[in-house]
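# Fold and contact review
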Amino acid sequence: QTRTHIFRIFKNDPQLKKHVTFLGKIKFDDLSAYYANADILLHPSWLDPCPNVVVEALACGLPVVCPSTGGTPELVAKGGIIVEDSFDFGFTEQYNNVPKIDYDKYKEAVLEIYDNLEKYSSRARQQAETKLDIDIVSKKYINVIKKYC
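Figured I'd write up the structure that's included with this text. (Residues numbered from 1 in each chain as written. Predicted model: local features only at pLDDT ≥ 70, side-chain atom pairs only at ≥ 80, totals over all residues. Heavy atoms only, no water.)

What follows deals with the environment of Gly-79. Take Gly-79: it is sitting in the loop between helix H5 (72-76) and strand E3 (80-83). Overall, Gly-79 belongs to the buried group, its relative accessible area being 0%. When the C-alpha positions of Gly-79 and Leu-58 are compared, they lie 6.9 Å apart, and in sequence the two are 21 residues distant. (Helix = DSSP H or I, 4+ residues; strand = E, 2+ residues; numbered from the N terminus. Buried < 20%, exposed > 50% of the residue type's maximum accessible area, 1.4 Å probe, protein only.)

Structural data, given as structure tokens:
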């Protein structure tokens, strides 16, 4: 339901129609070519704690549009636009119910990034280099382990 609705909005909007491509499933070995040819990653998943696709996109300088839930906002920070959603569901309901999504907010975020692509691309790459680099993340894990174990 959500995927179909997003698809319909982005495909039927004249401003976005010529700029949006829905790729579906991509083979792992082909990912780098797709990242290199993309401008923006639209990631409307509301439950991902740490999606690899977001980390990979930021590392490639792709700005990300995501909801304000899950772990994705912490990854994205200023490397894209975090769409404020007011999902009102408890822990058990979150897996069984698709929240109501304000699709116009996502559309506005995509257009904002597209109009300022160079700025957002630079921020995306900077976020990956300064916060998500494997050496930085590994040291944080080691420090936590040393502190509590």
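Time to look at the nonpolar core. Counting 15 residues, the largest nonpolar core has Phe-10, Leu-16, Val-65, Tyr-106, Val-110 and Ile-113 as the members making the most contacts within it. Looking at this core, the elements with two or more residues in it are E3 and helix H6 (103-115). The greatest single-element share of this core, amounting to six residues, is contributed by H6. Non-local contacts of Phe-10, meaning those with residues more than four positions away in its chain, are made with Leu-16, Lys-17, Val-20, Phe-22, Leu-42, Tyr-106, Lys-107 and Val-110. One finds Leu-41, Leu-58, Val-76 and Ala-128 within the second-largest nonpolar core, a separate group that totals 13 residues. (Core = buried A, V, L, I, M, F, W, Y, C linked by side-chain atoms within 4.5 Å. Contact = heavy atoms within 4.5 Å.)

What follows is about the packing of H6 against helix H7 (residues 117-131). At a minimum axis distance of 5 Å, the contact between H6 and H7 shows a crossing angle of 95°. In terms of orientation, H6 lies roughly perpendicular with respect to H7. Mapping the contact onto sequence places Glu-112, Ile-113, Tyr-114 and Asp-115 in H6 and Leu-117, Lys-119 and Tyr-120 in H7. Looking at side-chain class alone, the contact of H6 with H7 contains four nonpolar, no polar and three charged residues. (Axes fitted to C-alpha atoms, helices over the stretch in contact; angles between N-to-C directions. Parallel < 35°, antiparallel > 145°, perpendicular 65-115°, else oblique. Nonpolar A, V, L, I, M, F, W, Y, C, P; charged D, E, K, R; others polar.)

Next up on the list: helix H4 (residues 52-59). Within H4, the full set of buried residues consists of Val-54, Ala-57 and Leu-58. Along the long axis of H4, the arc covered by the buried residues comes to 95°, so they all point the same way. Tucked inside the fold, the buried residues of H4 contact helix H3 (31-37), strand E1 (41-42), strand E2 (64-67), H5 and H7. The positive-phi residue at the C-terminal boundary of H4 is Gly-61, with phi of around 80°. (Arc of directions from axis to C-beta.)

None of the figures reported here should be taken as evidence of function without further support.
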